[in-house]
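Each chain is listed here by its residues.
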Amino acid sequence: MLEETKGLFIDGKWVKKQRTYELCAPYDGQLLARISMADAGDVEKAISGAYRAFQTMKNLPAYQRSEILFRVAQLLKERKEELARIVAKEAGKPIRTARGELERTIVTYQFAAEEAKRIYGETIPMDAAPGGEGRIGMTWREPLGVVVAITPFNFPFNLVAHKLGPAFAAGNTVVLKPAEQTPLSALAIAEIFQEAGLPDGALQVITGSGSELSDALLMDERVKKITFTGSASVGKLIKQKAGLRKVTLELGSNAALIVEPDVALDKIIPRCVEGAFSYAGQVCISLQRIYVHETIYVEFCKRFIERAKQLKVGDPLDENTDVSTMIHRREAERIESWVTEAIQSGAKIGLGGIRNGSIYSPTVLLDVKKDMAVSCQEVFAPVVSIVPYRELQEAIEMVNDSVYGLNIGIYTTNIHRALYAARKIESGAVIINDIPTFRVDHMPYGGVKESSYGREGVKYAVQEMTELKFVSIKTDF
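Residues numbered from 1 in each chain as written. Predicted model: local features only at pLDDT ≥ 70, side-chain atom pairs only at ≥ 80, totals over all residues. Heavy atoms only, no water.

Asker: An account of the pattern of salt bridges is needed here, citing residue identities and associated values.
Answerer: For the structure shown, the criterion picks out 36 salt bridges. A salt bridge links Glu-333 to Arg-329, with the shortest nitrogen-to-oxygen separation between them at 3.1 Å. Of this pair, Glu-333 and Arg-329 are both found in helix H11 (residues 329-344), four residues apart, which corresponds to roughly one turn of the helix. Here Glu-333 falls in the partly exposed class, since its relative accessible area comes to 33%. A salt bridge links Arg-334 to Glu-331, with the shortest nitrogen-to-oxygen separation between them at 3.0 Å. (Salt bridge = Lys/Arg side-chain N within 4 Å of Asp/Glu carboxyl O. Helix = DSSP H or I, 4+ residues; strand = E, 2+ residues; numbered from the N terminus. Buried < 20%, exposed > 50% of the residue type's maximum accessible area, 1.4 Å probe, protein only.)

Okay, here's the thing in structure tokens:
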């Protein structure tokens, strides 16, 4: 892998370009590979190939689509350690966390394989309406065609799986544009799909600059759906360019947790620390804001900080590492400036606040105000704020005072208060008695406000990657 030139994957063939960029490991700057940079002409070829391949994919029987996806899952199992090391190197993800991502990726493709065989329609009782007598009504779902999938760096296998799996289960074809920092994972999955028997052209992988390729990817009318995971600002631009075509946008978050006074702190502290600092906080549902009842606030802060001090920061390939590098030095510098701004505005550091190159130490902030960037924006870094509250309604109002609404958590032993919070919280999901970072891959996933447009989770993504068709038969013709 080291210093090898990697090509684009177009129509089942590898295409190396003269123009490349150097892919370096975020942790130590090691040169991993030279990555081909596509241009608008390459995008046109990829979309044309996917458009042609759709004629094959849409006619491929459901059981065959399912078998391909099951084979992908099996090949991922066989290569799990190799692929986890790719993630650890190109994304800086601790190796134990990378293995966890591969496990989830396998499950995601298994779910997709299962969903390929249960894309159901329904019968409609036509005689429920006057004039409907003597008619049969039914619905079924048909694939859309070419899907453009644009994916981020933080889960380079599993977030790709949440786009490829449902798309292929439904009979679509995909042009995949991975993040510039994590192309090796996308190219590896292309190899795996080819080995699993996916028809040539059904998956195209385009690497290079997102800003250079965006118009070519988004403006081609042969593209019937765009699925994107990334920032809200880019998501809004995509929505504008998509027009009437289908889009799914998984965007930002500043995930919050409410801790009621009736919970046992020793049971929840390790989980809260994990939610705040796993993969250096570079998870869209990373625990960013914790609202703790004032009667347990001091004790919670003490125990949380003590537990966070035990985290090992270091090389992502070290089996003992809990927190490693951020994806770029500039991201570490960004969060350093945000924390500095918060301190200058009155916040206090309970732990951390130290940058070493691209590594930012696990950081706990106290006395944070709601208008500070570390609270109201998405930190996407190992930084968490802990804020006291008096009444549950006050905590709910602070949680809702955000442009985001993806996952929100609440810890309480009182089911009535838990369900009250679930009703009042403005988010796509409320996670009761766990952190908002919780996700399994078949649950509906998406948010409200500026967090999402549409839903993922394999079954729900399949629905968004198909078109509903209604058919009526007049029986007394």
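Asker: Any chance you could break down the nonpolar core for me, citing the residues and the numbers?
Answerer: Soluble, globular proteins show a tendency: their nonpolar side chains are buried together. Formed by 71 residues in total, the largest nonpolar core has its most connected members in Tyr-109, Phe-168, Ile-189, Phe-193 and Leu-203. Looking at this core, the element that brings in the most residues is helix H6 (residues 183-196), giving nine residues. Each residue touching Phe-193, except ones within four places of it in the same chain, is listed here: Ile-68, Leu-69, Val-72, Tyr-109, Leu-164, Phe-168, Leu-198 and Leu-203. Among the nonpolar cores identified, the runner-up in size contains 45 residues, and Ala-276, Ile-290, Tyr-360 and Ile-386 belong to it. (Core = buried A, V, L, I, M, F, W, Y, C linked by side-chain atoms within 4.5 Å. Contact = heavy atoms within 4.5 Å.)

Asker: Tell me what's going on with helix H10 (residues 297-308), and back it up with residues and numbers.
Answerer: With 12 residues, H10 should cover 16 Å at 1.5 Å per step; its first-to-last C-alpha distance of 16 Å lies within 8% of that length. All of the buried residues in H10 are Tyr-297, Phe-300, Cys-301, Phe-304, Ile-305 and Ala-308. Seen end-on, H10 carries its buried residues on one side only, within an arc spanning 120°. Along its buried surface, H10 packs onto strand E13 (256-259), helix H9 (265-277), strand E14 (289-293), strand E15 (348-351), strand E18 (363-366) and strand E19 (383-389). (Expected span 1.5 Å × (residues − 1). Arc of directions from axis to C-beta.)

Asker: Tell me about the side chain of Lys-163, residues and numbers included.
Answerer: Along the chain, Lys-163 turns up in helix H5 (residues 158-170). Given a relative accessible area of 1%, Lys-163 falls into the buried group. At 2.9 Å, the side chain of Lys-163 forms a polar contact with the side chain of Thr-227. (Polar contact = N/O pair within 3.5 Å; in protein donor to acceptor, adjacent residues only side chain to side chain.)

Asker: Report on the environment of Ala-308, specifying residues and quantitative values.
Answerer: Secondary-structure assignment places Ala-308 in helix H10. Judged by relative accessible area, Ala-308 falls into the buried class, the value being 4%. Between the alpha carbons of Ala-308 and Pro-156 there is a distance of 26 Å; along the sequence they are 152 residues apart. Other than its neighbours up to four places away in sequence, Ala-308 contacts Val-273, Phe-277 and Leu-351.

Honestly, it's all geometry; don't read function into it.
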